[in-house]
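An overview of the molecular structure
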Amino acid sequence: EELKEEIDRIEEHADSIKRNIRNHLPRRLLMPVDKTLFLNYTKAQDNILDAAQEAMNWLNMRKLIIPEEFQKGIIDLLANVNEAAILLGPALHQTIALIHGETLDREGTKDKFRAVRRQRAIATQTRLVLVSRIYNSDLDFKDIYQLIHFLTSLDDMSHNSENCADILRAMIAR
């Protein structure tokens, strides 16, 4: 419950930042990247937190005892999703450096995007294996349904991290 409330506060603050950016960009501002791509990037970043909020909503919907046989898989999925989001930071910094001419390493920048995509693929594969195991378990339908939606929301976080990397890639393609 405490974690859900904390994520709700963080997500609300992120929404506020996104709105502030959108509302205060001058209309005729010349940017080194396409303004639409920039705004899409902020939306994709916000979607990562939206998915985290959704995951917590599913986990907090009703009391659920996660069987021990699934705990390691869920922890692995959380670690993989977390890694995808963390890898987005270096990709963003490298993109900014490339756009501002601080570096000329386009291939190194693209490698940062590829790392996010690889990590997202690992997270998705982890989720698929876990979902299969859960569906084939003897859990009640309510528990299966709740767990599957929780896992899908976690995977959405890595998917949105990949979307961010794709948008960054589009920014340097120009």
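A brief structural summary.

Let's talk about the pattern of salt bridges
Counted under the stated rule, the structure contains ten salt bridges. Ionic pairing is found between Arg 127 and Asp 155, a salt bridge with its closest N-O pair at 3.1 Å. Here Arg 127 is found in helix α4 (residues 106-135), whereas its partner Asp 155 is found in helix α5 (residues 141-172), with 28 residues between them in sequence. Asp 155 gets classed as buried once you look at its relative accessible area, which sits at 5%. One network of salt bridges, with partners in common, ties together Arg 120, Arg 127, Asp 155 and Glu 162.

A few points about the layout of surface pockets
When its volume is computed, the largest pocket comes out at roughly 550 Å³. In terms of lining, the largest pocket is formed by 26 residues, of which the most central are Tyr 41, Thr 42, Gln 45, Asp 46 and Leu 92. Looking at the lining of the largest pocket, the elements with two or more residues in it are α1 (2-24), α2 (35-60), α3 (68-99) and α5. No other element matches α2, which puts eight residues into the lining of the largest pocket. Among the residues forming the lining of the largest pocket, the class breakdown is 19 nonpolar, five polar and two charged. Estimates place the volume of the second largest pocket at around 200 Å³. Around the second largest pocket, the lining residues are Ile 7, Ala 52, Ala 55, Met 56, Leu 59, Leu 78, Val 81, Asn 82, Ala 85, Phe 150, Leu 154 and Met 157. For the lining of the second largest pocket, the elements supplying multiple residues, two or more each, are α2, α3 and α5.

Considering the packing of α2 against α5
One way to put it is that α2 packs onto α5 with a least axis distance of 8 Å and a crossing angle of 170 degrees. In terms of orientation, α2 lies roughly antiparallel with respect to α5. The hand of the α2/α5 crossing is left-handed. When grouped by side-chain class, the residues that make up the contact of α2 with α5 number 19 nonpolar, nine polar and two charged.

Here's the deal with the environment of Ser 158
Along the chain, Ser 158 falls in helix α5. With 81 residues separating them in the primary sequence, Ser 158 and Leu 77 have C-alpha atoms 9.9 Å apart. Those residues within four positions of Ser 158 in sequence are excluded, and the remaining contacts are Val 81, Ala 84, Arg 120 and Ala 123.

Things to note about the packing of aromatic side chains
Per the stated rule, a full pass over the model turns up two aromatic pairs. Both rings, one in Trp 58 and one in Tyr 145, keep their centres 5.6 Å apart while their planes meet at 70 degrees; by these two values the pair is edge-to-face. Here Trp 58, found in helix α2, pairs with Tyr 145, found in helix α5; they are 87 residues apart in sequence, far enough to count as distant. Overall, the relative accessible area of 40% leaves Tyr 145 in the partly exposed class. With 5.8 Å between their ring centres and 35 degrees between their planes, Phe 141 and Tyr 145 make a pair best called tilted. Of the two residues, Phe 141 and Tyr 145 both sit in helix α5, four residues apart, roughly one turn of that helix.

Definitions and cut-offs
Residues numbered from 1 in each chain as written. Predicted model: local features only at pLDDT ≥ 70, side-chain atom pairs only at ≥ 80, totals over all residues. Heavy atoms only, no water. Salt bridge = Lys/Arg side-chain N within 4 Å of Asp/Glu carboxyl O. Helix = DSSP H or I, 4+ residues; strand = E, 2+ residues; numbered from the N terminus. Buried < 20%, exposed > 50% of the residue type's maximum accessible area, 1.4 Å probe, protein only. 1 Å grid on protein atoms, 1.4 Å probe; cavity = no way out; pocket = protein on both sides within 12 Å on 5 of 7 lines; lining within 4 Å. Points joined across faces, edges and corners; volume = space filled by probe spheres on them. Nonpolar A, V, L, I, M, F, W, Y, C, P; charged D, E, K, R; others polar. Axes fitted to C-alpha atoms, helices over the stretch in contact; angles between N-to-C directions. Parallel < 35°, antiparallel > 145°, perpendicular 65-115°, else oblique. Left-handed = near helix turned anticlockwise from the far one by under 90°. Contact = heavy atoms within 4.5 Å. Phe/Tyr/Trp six-rings, centres within 6.5 Å; stacked < 30°, edge-to-face > 60°.

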